[in-house]
Amino acid sequence: MGRTQQSILSFFGKPRAGARPPLRGAPAVAAPPAGATAGASAGNGGSGSGGGASMGGWGGGRPGAASRVGGGGVAPPPRSLAVEMDDDMPDDAQLLATLEMVESQSLAGARLGVSPAQRASLVSKRSSGLGISEEQFLSPARPPQTSRALVFGSSVHKRVLADKQPAGSPKKARVESCGAPTFSDDDAARTGRSPSLSVSPVTPRRRLRRTRGATAGSDSDSDFVPEPMGTDERSDDDDDLAVAAPRIRAAGQKMDDWRASSRTVAAERPVAGVSAVKVKLESLPPMSAADRAAVRERLMSCASLPGSTGTGGSGVAQVDGEDAWSAKNGWSVVVRDSAGRPTTHPDYDETTLYVPPKAVAGLTPFQKQFWDIKRHAYHVIIFFKKGKFYEMYDKDADVVHKELGLNYTGGGRVDMRCCGVPEQAFERHALRLLDLGYKVGRVEQTETINAATKRRKGAGTGGSAANRSAVCERSLVRVLTRSTVSDDFLLKDHHARYLLAIVEDEAAASSCGGSGDATPVNNDGEVLIGVCYVDAAAGAITVGEFLDDYRRAGVDKLLTYLSPPEILVDGTRPTSARLSSLLRWAGDTDSTDVVRVSGGFSTMTPARLQHYLGGASAGSAVEAQRQQLHRFFLDRGHVLASRAMGACADYLASLKVDAEVLSMGNFTLLPSPRDELPGSDVSSESDACSRSILGAPLPVHMCASTQDRYDPSVEPRAHMVLDAASLLNLEVLETGGDRSESGALISFVDRAVSAGGKRLLRRWLAEPLLDPAAINDRYNAIDFLHAADDASGSLLSGLRKQLSQLPDLTRALAKTHAAATVADNAVMFDNTNQRRVKEFISVLNGLQSALDILDTVSVDIARHRKCNVVDNDAAPRRLEWLVTSGAGVPESASAHLAWFFDGAFDFAAARKDGDLFLQPGAVASYDERKQAVADVEARLNAELAKHKTALRESGLKYFHRPKEPYQIEVPTACVQRSNLPRSWVLKSQSKTAQRYWTPEVERLANAHIDAMEQLEVETKTALRSLLARFDGDAAIWSAVARAVSELDALLALAVVSRPDGTGPMCRPTIVLASQASTDGVEASPVLHARSLRHPVLACRMNNNFVPNDVLLGTADGAEPDDAHPLAVVVTGSNMGGKSTLLRQTCVAAILAQMGCFVPAKSFTLTPVDRIFTRLGAHDRITRGQSTFAVEMEETATILSHATSQSLVIVDELGRGTSTHDGYAIAHAVLCDLTRRVRCRTLFATHYHLLTESFAADRGVALYKMAIRVDDANKDITFLYCFTPGVAPASFGIHCARLAGIPADVADHADASAKEFEETLARQLADRKEERLVESLALSLRGGVGSTALNAIFALVEAGRD
């Protein structure tokens, strides 16, 4: 039973002892030297030397080898090829093995390196018939062509060469290629040679399968199933419908019986010093299509095999079949959409593909199945399930080959270009494609092999074509996009991903110029905008309408805050120039795709609402949402909002996720201008932007409530407005440079440890509160947590540690709802069901932990109240409401959760292994299926016991293979001494035993397979029923998730509010300006900060940050010494800290109103309704705006929307134009802010004439950033102190020297500045003299009596100028 190894060339040459002579037409090649044979037979893959056969080497081996083209001998070839075969396999089968092996390594030209004497012998025996001589064909001198590497098969793609063998001889043949590159690709490119491969011993034999040559209709007819890169083992059930290869016959000869013994025949030529490594696809050498065809035709003609020229057979598909596919099916190359429009057509629909009817008729069933799906989702990269693998065909294969570096599979799959990945690698590859901006579709097999076989048998000859098809049923189950992914692995982080739909009022769009080149009629016009944005991972949908100005500031804020990966726009209706500009700017970024819906937006009708939400029971939260949406869309006429939501629903439907997202009923309605907010049933709770952010805020006095009237169960409905410019200029959510959170304000505030807490903190930071009672209640919560932590010493750290271990409950609940709502019929070959069970167990454990955490805080608050540590005024009412059972936490939460832990299923087994074992009686149908499996197993055990008795062999046992279980394993000794019945069918064997099926065991084994499949289906159904019961209490679980998220956010604020070593953190004092004082004059809002620091910069500067006082406004009843103007003009040198002071003032207001302590000794604030910023100098090229245009637009927004309760900071207004124009604009804007708007203003400028103009204005204070100047050394020191006064100059040239401007340039600038100052002073003096003379002359003409008085007046006026 031993094996031998010898040269593959012996197949073509001298017959082996006892073997048949070579086939007619096969070239005779001399046997290799003894050294090679001996070395090969040793099995070490590296001991042979001397002459022998070489396949894959051109020119004798590696660069630098002694033997070259035309040399006296053949250098050791760089590749080893091994073929393991059963003893006495027919020569034609061995030749086919050689061909398979050659094709599997894409050996260009299949050149066999031999000695000159051997070559001459070959030439004398046969001509090639290919237009070249045999010598040229076998010569090692001809280098390979370079082309795309198309691999027909490799060491990881095995083929079964024969399916039928005589009884008693069940062994199968195996083909394997070994080796790995031994020199670099650069060497290959330089020398024109393919990478050489080292020697590797033959691996242990195992069962193989064919991949080509069967009927064109089966799943595996012309396909092989690739396995993971770097793996050598495959299970026995890899193929969908494994079909055996036809018996191989030589022309005119009959195959002999195969003998039981086997040996290995190999040609091995070692490369000295190179270890053996397995071949991988990416290491294979390239070759051209012409070379592939020549190799195939040459070898097939030499062996006279089926499929060669003139034989008419088709035993093996053509290697270059994908080239023939493209030539035959031009519609796959010259692409048109379903309407026949080419890609250059302006209305081309990239989502569809036109496939001619005649072409459809010529496709195989498998190809039809693929193209039926692909042509309706042509823009999607389709991962097509094939057994345990996903495969990509045609242009999808080109994409993954280019973007992911995946290799093409050999010869093309189903005659098309193909790449494949294993099932478990889908998420990794899909994530990379999503990050690159592609859409990824997942086509799953929805029918098992067993079910497909039964379907075909049941169809018979009279059944439909679909039922008789050998192709397993498949369907597109999901399309992934960047905005709609829901799996944790694909989401990567806690950030929400939004799908946004925008609808603009048609009249406004038309008046503003739909073509994008018109301008608004006037700057005061307001436009109604409808929006809907969906967080698919959380199942949250926000919909509503808001009034926007002509600049589309609300839309700009949405785009800035949400950063939506996908934006839906109605492609059939015009959009205004401004909206088009914003969308164009958003679409130019790598993170956002603008999708223009060619078919237009549909409305969310009552029927559609009923479809998604109609299944809810009466009185449920989902039914209440449906009724509320019905009133919102129909009774109140929110047509734009209805269209926006309809667009999102249509888009989600195209991605196969609409049912799971919309049926949750997790809707938030934005209050609309058409709604009366007092008493309205419209919720203002939102995961993104409230009405106050999108439109005009409510007056501060309307948002205020006393502590007695404060309702902790109601979400505040009014917030400070932070528009897009403020978010960007203040770097609230991201920095302006790399657009990351590092260095932004969110990085200072976000100390949350749970995903839900982090998302909530981001919302709080973008939506600071306006209601003083709500703000103070958050301060009370921080004070309570500090006191409780001080008392216990570890409360904060303990709670945060527990919270950090919670899963993302919000997303987990949405995922659970999807699993309970949508039936998943996909046939998965991994542990998908076990993984889902474990995920459900994780949710249950997370909810139980959340309830325990909330209970801990509730008990602590109750203890403090009992000890009178916390009085009513200082009680954290919102926090107390959140953690109290029956308030923020539904009272029945613990009882409902206990059912799943105690009585539903075996919780321990589910947690450990993911196995769902329902308790008896829980689901009757599950019990029936489980009993059916037990009955079959009992009968199988009885059958085994019967045969043990009959054969008197107690060692009989069952051996299981995936597709052929319950094989009776009979020891070899028992087989030899017993006369086994002829009805026993040998299925497999080993050295010590043979395995059989009896007719009864075969029948029971098939019955067991059926019963197990039915039990698996029933288990899926039972799991869905279990999840559906859990999802029925979704309102309870969502309340628990919200409570722990808000607790985590409050804990984060408590951690931030602790002193951090850079200075004190103070609790702000919130004062509400009275609506009017007793004299009818509106009271002044205030902002008083003592020793204020910028939180982010102070942390980074390690106690080197200089704090400053900022005093704006005068509080009611303040002493005269505490009276301060509302506006401050700030002057100072460049780089002196003016911009930082302005920013830190706004940042402090944001922190205070979000409910956080402020980095200062004290901070008093009247709530700010909106912050306006005009900072920096930057253009927006993608929006078509210059630097000055950006300045003016931001200034126009300030003057249009600022109120007396706003906070405005302006830095160097007017720098984008000439000095005179810039000064004039700055002067006019400052006058309007101080005299009409009368809001808190910080106005930084280098126009020192402004300080002279407003020096006598009591409503304006003059401050400067202090510096120390050394004129002698031309040096400047920045003190960063904010002090009263006016800076003498900007000292720009001094700052330029610090920045590295060359000294000679700076000296020249200094001289030019002095000259300019002298010239300007002289011009001003001359102008004053001229005006004085004119005034005196005018006065003298007016009469003698008034001459002196008028002359004095003229002198005074001239002095002012």
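Caption draft 1: Region of the structure containing the overall build of the chain. When its secondary structure is counted, the chain shows 45 helices and 29 strands. The contacts of the chain with a sequence gap of at least 6 include a subset with a gap of at least 24, amounting to 73%. Total accessible area on the chain is roughly 57,000 Å²; 52% of this is exposed by carbon and sulfur atoms.

Caption draft 2: Representation of a negative patch on the surface within the structure. A cluster of acidic residues, Asp1326, Glu1329, Glu1330 and Glu1334, forms a negative patch at the surface. Locating Glu1329 in the fold gives a position in helix H44 (residues 1303–1341).

Caption draft 3: Representation of the sheet that holds strand E20 (residues 1069–1070) in the model. With mixed pairing, 4 strands are arranged side by side in an open sheet as E20-E24-E21-E22. A single partner strand is all that each edge strand has here, and the edge strands are E20 and strand E22 (1108–1112). Bridge count between E20 and strand E24 (residues 1162–1165): 2 bridges; the pairing is parallel. Bridging across to E24, Ile1070 finds its partner in Leu1165. Packing against the sheet, helix H39 (residues 1138–1154) makes contact with strand E21 (1087–1092), E22 and E24, and its axis sits at approximately 75° to E24.

Caption draft 4: Up close: the confidence of the model for the chain. Of the residues in the chain, 66% have a pLDDT of 70 or more, and the chain-wide mean is 73. Taken as a whole, residues 512–523 scores under 50 in pLDDT and shows 21 contacts with residues more than four places along the chain or in a different chain. Low pLDDT (under 50) marks residues 676–695, which in the prediction has 75 contacts with non-local residues, meaning those over four places away or in another chain.

Caption draft 5: Structural context of the pattern of salt bridges. Within this structure, the stated rule accounts for 45 salt bridges. One salt bridge in this structure joins Asp570 and Arg573, with 3.3 Å as the shortest N-O distance. We classify Asp570 as buried; its relative accessible area is 6%. Lys758 is the partner of Asp750 in a salt bridge, and the nearest nitrogen-oxygen pair spans 3.5 Å.

Caption draft 6: Layout of the packing of helix H27 (residues 772–792) against H39. Running from N to C, H27 and H39 cross one another at 80°; their axes reach a closest spacing of 8 Å. As the angle between them shows, H27 and H39 are arranged roughly perpendicular. Facing Ile775, Arg778 and Tyr779 of H27, the residues of H39 in contact are Ala1152, Gln1153 and Met1154.

Caption draft 7: Representation of the environment of Ala641 within the structure. Residue placement: Ala641 occurs in helix H20 (residues 639–654). Classification of Ala641 by relative accessible area gives buried; the value is 0%.

Caption draft 8: Local environment of the sheet that holds strand E15 (residues 721–722). Strand order in the open sheet made by the 7 strands is E15-E25-E26-E27-E23-E28-E29, with mixed pairing throughout. Of all strands in the sheet, those with a lone pairing partner are E15 and strand E29 (1275–1284), marking the two edges. Judged from the 4 bridges that link them, strand E25 (residues 1170–1174) and strand E26 (residues 1207–1211) form a sheet pairing that is parallel. In the strand pairing of E26, Arg1174 is matched with Val1210. Lying on the sheet, helix H41 (residues 1219–1237) is in contact with strand E23 (1127–1131), E26, strand E27 (1240–1244) and strand E28 (1260–1270); it crosses E27 at an angle near 165°.

Caption draft 9: Spatial organisation of the packing of aromatic side chains. Counting across every chain of the model gives 25 aromatic pairs. When the centroid spacing of 6.1 Å and the interplanar angle of 85° are considered together, the rings of Phe366 and Tyr393 count as edge-to-face. Of this pair, Phe366 sits in helix H9 (residues 365–374) while Tyr393 sits in strand E5 (residues 389–393), placing them 27 residues apart in sequence. Here the guanidinium or amino end of Arg762 rests over the ring plane of Tyr561, the centre of that ring lying 4.9 Å away. A cation over an aromatic ring shows up here: Arg995 above the ring of Phe959, its NZ or CZ 3.7 Å from the ring centre.

Caption draft 10: Spatial organisation of the side chain of Thr1241. Its place among the elements puts Thr1241 in strand E27. Thr1241 has contacts with Leu1112, Leu1126, Ala1127, Val1128, Val1208 and Leu1233, leaving out every residue within four places of it along the chain.

Caption draft 11: The pairing of E23, seen in detail. Most of E23 is tucked away, with 5 of its 5 residues classed as buried. Alternating positions in E23 separate into two faces, Ala1127, Val1129 and Thr1131 on one and Val1128 and Val1130 on the other, with burial throughout. Where E23 meets E27, 4 bridges bridge the pair, whose relative direction is parallel. Within E27, the residue paired with Ala1127 across the bridge is Thr1241. The pairing of E23 with E28 spans 5 bridges and is classified as parallel. Bridge pairing in E28 links Thr1131 to Lys1264.

Thresholds applied
- Residues numbered from 1 in each chain as written.
- Predicted model: local features only at pLDDT ≥ 70, side-chain atom pairs only at ≥ 80, totals over all residues.
- Heavy atoms only, no water.
- Helix = DSSP H or I, 4+ residues; strand = E, 2+ residues; numbered from the N terminus.
- Contact = heavy atoms within 4.5 Å.
- Areas by Shrake-Rupley, 256 points an atom, 1.4 Å probe, with all protein chains shown as cover.
- Patch = residues over 30% accessible without salt bridge, like charges linked within 9 Å, V, L, I, M, F, W, Y side chains within 5 Å.
- Salt bridge = Lys/Arg side-chain N within 4 Å of Asp/Glu carboxyl O.
- Lys, Arg positive; Asp, Glu negative; His and termini not counted.
- Charge placed at Lys NZ, Arg CZ, Asp CG, Glu CD.
- Pairing = 2+ DSSP bridges.
- Axes fitted to C-alpha atoms, helices over the stretch in contact; angles between N-to-C directions.
- pLDDT = per-residue confidence, 0-100.
- Buried < 20%, exposed > 50% of the residue type's maximum accessible area, 1.4 Å probe, protein only.
- Parallel < 35°, antiparallel > 145°, perpendicular 65-115°, else oblique.
- Phe/Tyr/Trp six-rings, centres within 6.5 Å; stacked < 30°, edge-to-face > 60°.
- Lys NZ or Arg CZ within 6 Å of the ring centre and 35° of its normal.

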